[in-house]
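Understanding the architecture of this molecule
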Amino acid sequence: MDPSRDSRGLWALAGLVAGAAGLATSYAAGLALTVRQSPVVAVAEWIVALTPGPVVRLAIRVLGFLDKPLLIGGILLVLGIAFAAAGVLARRRPWAAVGVYAVLALLGFVAVVSRPGFRSLDLVPLLVGVLTWLGVMTWLTRSLSADSAGMASAGSGRRTFLIRAGVVALLAVGVGVTGRLLGAGRRTVEASRRLLRLEGVSEPVVPDGVQLGLQGITPWQTPDERFYLIHTALAVPTIDPAQWRLRVHGMVERELLLSYDDLLARRFSEAWITLNCVSNPVGGELVGNAWWSGVPIREILEEAGVKAGADAILQTSEDGWTCGTPLETVTDPQRQAMLAVGMNGRALPIEHGFPVRMIVPGLYGFVSATKWLVDIEVTRFRDFEAYWTPRGWSERGPVKTASRIDVPAADSTVPAGPVRVGGVAWHQHSGITGVQVKLDGGPWHDAELGSVLSVDTWVQWAATLDVPAGEHTLQVRAKDGAGVWQTPVERDVAPDGATGWHTIAFSAEE
Ligand SMILES: Nc1nc2c(c(=O)[nH]1)N[C@H]1C(S)=C(S)[C@@H](COP(=O)(O)O)O[C@H]1N2
Ligand SMILES: [Mo]
């Protein structure tokens, strides 16, 4: 047998095994991170999107429901050939092999980035895959190079190689299967979530008058899929509601251990509540308004019997995140603090804390809105530090008055003349009593407000301004429930929330 041909086969095998390992880790990373599309699926969808309609219809007619498996199979086949080719190239020209991979990675990158709803997290599986390939390829071919360089006694490098290739192949299968199991877990929880019919959770009805009907303004009710997401967890916890328990302990007379059914059997309270993130910059999007349904925390704590001297509840989520909330805000009968099980009329979405999260009107999310809640300890602020406190954020976080311009969009161009401007303003648990706008540093103009439903929700505002042609700046400020105008002082989001007036530039044309 020609030894060089033989070794070419081994290099091709190295390429194939390394490529398969990269596919396995990227697949598992995608499922673990609950990224919707792995790079391979993204490429498949991209091909479908780029294929002319008649061809797609023909393919579906000819192939029926086999079209997707065949497409994925075809992509995997092309990948397999490319992986093997990269392996053979690596023997003499390692950089050419890296080049093959760079091209594949670039294709995957473009496909992932161009999918609708792309988030930067979606690129992690691709990165994991490429790094795996690089690492495995280097490791596997080291033994082959040793052979061809005559450094090892003939055949020993080859044996090492075959053992390594076998180990990697087994690991790749293991990683792939683990990824599948993780993904299956999520699908099961998602299925049980969808099947839940929660009795205390009613359909939201957007109240009359809260919407001003201005084109481009943020809708008063934020739909689930537009509600911002903030969490430290890379893989979102997927909790089977039947397994879920909430432990209430610490400075209490009686410890409680509550199941999901225990909560569902209780009296529910429901409310429109606006939630925002302390990291929201002036004019930012990390704020939303939803219809929340759940059990009043006050009633749970009454049942547990809070001991004198406690001033906080420390919450822990299933993924180990912690959060401290002042006791007075969750026991106050005037404030609808709840263990929420419903959002916008349905069970909480998994990303928003399924099966149970906290919602406390008037506090930033980082000090109140624990998702995937599993533990409440009644305690004292001086006895603990929650997740964000040692990381430079404040211990407590009452929200600050804020207002935002949605229309016109920043840096857009509008026709000169009377221009409708508008946006939203919020100061939960104090309320908004006025909004004013200022054009080009001139006088403040009163804006109209949508009807103010409660002190816990944001309001829409709008105004009509006479705008001549040219470049302009527009500013907004809101007045809170105590009659205090929002401060112009600009402060950063850390440690306890940004302040300042939202200011945008736009231009008007004749
Ligand atoms: N378990 C857990 N809960 C969490 C967080 C987190 O990192 N982990 N982030 C908090 C922060 S900072 C905010 S602003 C809100 C955001 O809630 P949302 O993602 O449903 O909008 O969740 C809070 N609850
Ligand atoms: Mo946040």
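Above this text you will find the structure in question.
Residues numbered from 1 in each chain as written. Chains lettered and ligands numbered in written order. Predicted model: local features only at pLDDT ≥ 70, side-chain atom pairs only at ≥ 80, totals over all residues. Heavy atoms only, no water.

Moving on: the state of the cysteines. Applying the stated criterion across every chain, the model contains 0 disulfides. The thiol of Cys 323 is not disulfide-bonded; the next cysteine sulfur, from Cys 277, is found 12 Å away. Judged by relative accessible area, which is 0%, Cys 323 ranks as buried. (Disulfide = S-S within 2.5 Å. Buried < 20%, exposed > 50% of the residue type's maximum accessible area, 1.4 Å probe, protein only.)

Once that is clear, we can look at the pairing of strand 7 (residues 338-343). Across the 6 residues of strand 7, 6 count as buried, placing the element largely inside the fold. Note that strand 4 (residues 287-296) and strand 7 share 5 bridges and pair antiparallel. By the bridge assignment for strand 7, Pro 296 is matched with Met 338. Judged from the 3 bridges that link them, strand 7 and strand 9 (residues 357-359) form a sheet pairing that is antiparallel. What sits directly across from Ala 340, in strand 9, is Arg 357. Where strand 7 meets strand 8 (residues 346-347), 2 bridges bridge the pair, whose relative direction is antiparallel. In the sheet register, Met 343 faces strand 8, and the bridge partner there is Arg 346. Between strand 7 and the antiparallel strand that follows it, strand 8, lie 2 residues; Asn 344 among them carries a positive phi value of about 55°. (Helix = DSSP H or I, 4+ residues; strand = E, 2+ residues; numbered from the N terminus. Pairing = 2+ DSSP bridges.)

As a further point, take the site of ligand 1. Around ligand 1, a shell composed of 19 residues is seen, among which Tyr 228, Thr 232, His 352, Arg 357 and Lys 371 lie nearest. Between Ser 317 and ligand 1, the recorded distance is 3.2 Å, taken from a side-chain N or O atom to a nitrogen atom. Between Lys 371 and ligand 1, the recorded distance is 2.4 Å, taken from a side-chain N or O atom to an oxygen atom. When ligand 1 is considered free in solution it has 530 Å² of accessible area, and contact with the protein chains removes 99% of it. (Near = heavy atom within 4 Å. Polar contact = N/O pair within 3.5 Å; in protein donor to acceptor, adjacent residues only side chain to side chain. Areas by Shrake-Rupley, 256 points an atom, 1.4 Å probe, with all protein chains shown as cover.)

Leu 263, Trp 292, Val 330, Leu 339 and Met 358 are the most contacted members of the largest nonpolar core, which totals 60 residues. The dominant element in this core, judged by the number of residues it contributes, is strand 7, at 5 residues. Ignoring sequence-local partners within four residues, the contact set of Leu 339 consists of Leu 246, Leu 263, Ser 293, Gly 294, Val 295, Ile 297, Ile 300, Val 356, Arg 357, Met 358, Leu 373 and Ile 376. Counting 29 residues, the second-largest nonpolar core is a separate cluster that includes Val 43, Ala 111, Val 136 and Phe 161. (Core = buried A, V, L, I, M, F, W, Y, C linked by side-chain atoms within 4.5 Å. Contact = heavy atoms within 4.5 Å.)

Here the focus is the sheet that holds strand 1 (residues 245-250). As summarised here, the arrangement of the 5 strands in space is 2-1-10-5-6, forming an open sheet in which the pairing is mixed. Among the strands making up the open sheet, the edge pair consists of strand 2 (256-259) and strand 6 (322-326). Along the sheet, successive strands turn relative to each other by an average axial angle of 20°, direction set aside. In terms of strand pairing, strand 1 meets strand 2 through 4 bridges, oriented antiparallel. Bridging from a neighbouring strand, Arg 247 pairs with Leu 257 of strand 2. (Axes fitted to C-alpha atoms, helices over the stretch in contact; angles between N-to-C directions.)

Let's shift gears to a nonpolar patch on the surface. Together, Leu 106, Phe 109, Val 110 and Val 113 make up a nonpolar patch on the protein surface, roughly 320 Å² of accessible area in all. Along the chain, Val 110 falls in helix 5 (residues 94-113). (Patch = residues over 30% accessible without salt bridge, like charges linked within 9 Å, V, L, I, M, F, W, Y side chains within 5 Å. Salt bridge = Lys/Arg side-chain N within 4 Å of Asp/Glu carboxyl O.)

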